[in-house]
Amino acid sequence: MTRTARTACWAGAASAAAVLSLRPLVVSSGWLVGALGAVLAVVGTGLLVRAALHRRGPAVLAQVVVLVLALTVLFGGPTTALGVLPTGATVQRLAQLFGDGVQVVQRYSVPAADLRGLRLLLVAGAGVLALAVDVLAVALRRPALAGVPLAAVLGVAVALAPGGSGAWALLGTAVPYLVLLAAGRRDPRWPAPPRRRGGDGARRRPAGTRAGTTAGATAAAALALAVVAPALAPGLDERPLTLDTGSGDTIAVINPILNLKASLGARSDATILTYQTDQEDPAPLRIVTADVFDGETWAPGTGADIPRSQRVQDGLAPPPGLSQEVRDGATEHRTRISVRGLDQTYLPLPYPAVRVDIAGEWLYEQGTLNVVGDGETTRGRDYEVQHLEVDPDEEQLRGAGTAPEEVRERYTALPDGLPQVVADEARRVVGGASDAYEQAAALQRYFRSTGGFTYSTTAPNDGGSDAVATFLREKSGFCVQFASAMAVMSRTLGIPARVAIGFLPGEESTPGSWRISAQDAHAWPELYFEGVGWVRFEPTPATRTGQSPPYSVPSAPITSPTSGPTAPAATSSAPAATSATTSATSTGAAHRVREGRLTGWERFAALPWGWIGGGALALLALLAPRATATLLGRRRWAGAHDGPSSAEAAWADLEDRLGDLGVHWPAAATPRRRAALVEEAADLPEGAHRQLTALRRAVESARFGAPERPAAPARGGAAPARRAAAVLERPAPAGTRGRRVVRAQVDEVVEAVAASRPRAARWRARWLPGAGLRAALGWWERD
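Residues numbered from 1 in each chain as written. Predicted model: local features only at pLDDT ≥ 70, side-chain atom pairs only at ≥ 80, totals over all residues. Heavy atoms only, no water.

Here we come to the overall build of the protein chain. The helix and strand inventory of the protein chain stands at 27 helices and 19 strands. Within the protein chain, the fraction of its 783 residues that count as buried is 47%. Within the protein chain, contacts between residues at least 6 apart in sequence are counted, and of these 72% link residues at least 24 apart. For the protein chain, the accessible area works out to roughly 37500 Å², and carbon and sulfur atoms hold 59% of it. (Helix = DSSP H or I, 4+ residues; strand = E, 2+ residues; numbered from the N terminus. Buried < 20%, exposed > 50% of the residue type's maximum accessible area, 1.4 Å probe, protein only. Contact = heavy atoms within 4.5 Å. Areas by Shrake-Rupley, 256 points an atom, 1.4 Å probe, with all protein chains shown as cover.)

So this is what it looks like as structure tokens:
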């Protein structure tokens, strides 16, 4: 590999590491595939074009074209020509997505939702970063300047990521960058200053060399200090805001990403929306639902794009899970909403909405009935909502059927690192509850009254994957933590659950007219009951929320343990408890595995692919040395078309294989000296000695002219050696017999040396040869 190609690879590695440092800023990792693909496309295009044309200018132009085409393929959708070429409509679509991404950056705190507009910004930014670093380090040969865009990206991660950027992100970016600087210092276009002699006649290293060594040591020390020092320094209490409000005309923005360390509460009492409704007791206005939980944050699921045909003006889909019987018993209401101080992509609505009369392009998600603007925001909007008031009775909730498989798989998923104490506490709280409804009611009662919890706007200091466990231990928090804890504990019991984000009903100013301020921002859990659909529960204490929904309080008392850490855990002898435990652990495909009802594809998907993939990688790593050495040998012998080339191939093969057995020689040693070193390393039998002599004479003939004619026979006569040398010197156009004889000679010498080595050394030389690795390193270092 040439020096320029190596520089391009290091530049690409630094760019990829800088992109990975942005991972904590987004709730999911789906965008990383496109972003790293953009980096690879830019770097790979530069490598190919420079290798083909040996020109730097055309390579930059080709990189720009490839990046534009990549963005077109990823984000152009149906507006492209042939799926690749951009059109005028593609430019408009990309501009709209770019604007949407800018709005996400401006409105939402991190971690932000992986919306399509933000994904475009991230992927395009990764490609531009790779292009800038490649141009500076490779095209302009200014590797020091390549640190500017890299530092800018790292600075964004440090400034915005919760807890700052990690040490691995810094190391992953800094190490390739330091290699770029070192490569620039060794650029052959900058001749090293000559060595000077001191007063005592001794040769001195040039000042530039000493300075370079000092700079390298300083850089390494600074990098180590940057990684170690933050771990030793006291941490700062970090509380990112998810609701940015103020007074007067300040606009509120609700983040759809719920961080368990961040409160939705706000100090401002300024009115952000008003509404008039014919509903006597209004329900909360829901903005969005979050169903993906990673242990620290809740976020909306990122599914497929919403079809533009799903306009709310044409009516929304039927509420998921709502049966016709319950639908017939629901009351229909109308609510008119006027938004003044809220700038939001999602539309605040009562749930479930049937139809929304609003100007602009507003689309709904069919599975959640979340309404999102297609380039629209809520600021200054006036709209009317036709919605249902679903008031299920206790019998309907107790008699709810089993949720569909796709609902259970999606809404009972939990992170691997969830502390076991959360599930244990959930089973203890529900005790002998006989069905999902009683379990949900017991959880709500536990948080509101019997568990000893208090409402507080101060978030606990602890976060991360044990945030829910910390809340259960400290028993104090705000609505986000109450809603999250009940949703997570419901999922451990096998009840599909999610978290809704929106506003409490607010304050009634005049009969039928209500006002909502930023202080009314709220979160609550929604649990799924087949036939009734998604049902709101209210675990946050009454000091914040008032009365809980009437249907959430059973008419008969719940037989569950009282609060307190000393309450006994539910025993497995009770049939109801056993049923609850089974439902908690029997969700999705795992449930059908135990019952033996998996389909062929599900049985295939249920295999432990993580272990299988890890085992395959380990097997490949073990086989790689042997495979690369074999391929290297075959390639070497395939080029042996006559005597001299066969001799060189044999000598190189002998060097590699003896090196694996521990027989080495200086690079400057002659063939005669190398043969002598082999004789010293092992006591070769007569036949192996003759073959080594023949190989040595053949390579001397190939390099220096006519083969040496010995004056007298040695160790059994020279006739066999002369015949072997003649085989090497004779061209072999007819078949490969000459080459097979040479390989047999190499095999005989290697086997003789191996016989003098320990068994472990022989095994390592056979199965873990280093010839392929040494060849790859030599190719990498080649100018």
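A word on the pairing of strand S4 (residues 271-277). Of the strand pairs in this sheet, S4 and strand S17 (residues 513-517) are connected by five bridges, and their pairing is antiparallel. Within S17, the position partnered with Thr274 by the bridge is Arg515. Two elements, S4 and strand S8 (residues 331-339), share five bridges in a ladder whose sense is antiparallel. Within S8, the residue paired with Gln276 across the bridge is Arg336. (Pairing = 2+ DSSP bridges.)

Under the definition given, this model contains 14 aromatic pairs. Pairing Phe293 with Trp298 gives two aromatic rings, centres 4.7 Å apart and planes at 25°, and the pair type is stacked. You can call Phe293 buried: its relative accessible area is 7%. Exposure remark for Trp298: the relative accessible area of 0% places this residue in the buried category. Measuring from ring centre to ring centre gives 5.9 Å for Phe453 and Phe482, while their planes differ by 65°; the resulting arrangement is edge-to-face. (Phe/Tyr/Trp six-rings, centres within 6.5 Å; stacked < 30°, edge-to-face > 60°.)

Attention now moves to helix H14 (residues 467-474). Of all the eight residues making up H14, six are buried; the element is thus mostly covered by neighbouring parts of the structure. Buried residues of H14: Ala467, Val468, Ala469, Thr470, Phe471 and Leu472, and no others. Check the buried side of H14 and you find it contacts strand S6 (292-293), helix H12 (420-430), helix H13 (436-450), strand S14 (476-477) and helix H15 (479-492). Two residues or fewer past H14, Lys475 is found with a positive phi of approximately 60°.

In contact at an axis separation of 8 Å, helix H2 (residues 30-53) and helix H5 (residues 116-139) are set at 30° when each is read in the N-to-C sense. Between H2 and H5, the angle falls in the class roughly parallel. Helix-helix and strand crossings are classified by hand; for H2 and H5 the assignment is right-handed. Contacts from Gly30, Trp31, Gly34, Ala35, Ala38, Val39, Val42 and Arg50 of H2 reach H5 at Arg119, Leu122, Val123, Ala126, Gly127, Ala130, Leu131, Asp134 and Val138. Grouping the constituent residues of the contact of H2 with H5 by class yields 11 nonpolar, three polar and three charged. (Axes fitted to C-alpha atoms, helices over the stretch in contact; angles between N-to-C directions. Parallel < 35°, antiparallel > 145°, perpendicular 65-115°, else oblique. Left-handed = near helix turned anticlockwise from the far one by under 90°. Nonpolar A, V, L, I, M, F, W, Y, C, P; charged D, E, K, R; others polar.)

On to the pattern of salt bridges. Oppositely charged side chains can pair when the atoms bearing their charge come close. Applying the stated criterion across every chain, the model contains 25 salt bridges. For Asp435, the salt bridge is made with Arg398, and the minimal N-O distance between the two is 3.2 Å. With Asp435 in the loop between H12 and H13 and Arg398 in helix H10 (residues 394-398), the pair connects residues that are 37 residues apart, well separated along the chain. Ionic pairing is found between Arg674 and Glu655, a salt bridge with its closest N-O pair at 3.8 Å. Within this pair, whereas Arg674 is found in helix H22 (residues 671-681), its partner Glu655 is found in helix H21 (residues 643-660), the two being separated by 19 residues in sequence. When its relative accessible area of 34% is taken as the criterion, Glu655 is described as partly exposed. Overlapping salt bridges, with partners in common, bring together Glu394, Arg398, Asp435 and Glu438 in one network. (Salt bridge = Lys/Arg side-chain N within 4 Å of Asp/Glu carboxyl O.)

Computed from the structure, the second largest pocket encloses a volume of approximately 790 Å³. Lining of the second largest pocket is provided by 36 residues; of these, Ala283, Pro284, Arg536, Pro549 and Tyr551 occupy positions nearest its centre. Only strand S12 (382-389), strand S18 (521-529), strand S19 (533-536) and helix H16 (542-545) provide two or more residues apiece to the lining of the second largest pocket. The element best represented in the lining of the second largest pocket is S19, accounting for four residues. Each residue belonging to the lining of the second largest pocket can be placed in one class, and the counts come to 21 nonpolar, seven polar and eight charged. (1 Å grid on protein atoms, 1.4 Å probe; cavity = no way out; pocket = protein on both sides within 12 Å on 5 of 7 lines; lining within 4 Å. Points joined across faces, edges and corners; volume = space filled by probe spheres on them.)

According to the stated counting rule, one finds five cavities of 30 Å³ or more in the structure shown. If you add up the space inside the second largest cavity, you get close to 60 Å³. What lines the second largest cavity is simply Arg286, Ile287, Leu347, Leu349, Pro350, Tyr351, Ala353, Leu369, Asn370 and Val371. Within the lining of the second largest cavity, the residues separate by chemical class into eight nonpolar, one polar and one charged.

With respect to topology, four strands assemble into an open sheet ordered S5-S15-S18-S19, the strand pairing being antiparallel. At either margin of the open sheet sits one strand with a lone partner, and together these are strand S5 (285-290) and S19. Here the strands of the sheet are splayed against their neighbours by 35° on average, with no regard to which way each runs. Summarising the sheet, S5 and strand S15 (residues 497-503) pair through five bridges and their orientation is antiparallel. If you follow Arg286 over to S15, its bridge partner there is Gly502. Relative to the sheet, H15 contacts S15 and S18, its axis offset from that of S18 by approximately 15°.

What follows deals with a negative patch on the surface. Judged by side-chain charge, Glu325, Asp328, Asp391, Asp393 and Glu395 come together as a negatively charged surface patch. Structurally, the position occupied by Asp328 is in helix H9 (residues 324-329). (Patch = residues over 30% accessible without salt bridge, like charges linked within 9 Å, V, L, I, M, F, W, Y side chains within 5 Å. Lys, Arg positive; Asp, Glu negative; His and termini not counted. Charge placed at Lys NZ, Arg CZ, Asp CG, Glu CD.)

The values are spatial; any link to function lies outside them.
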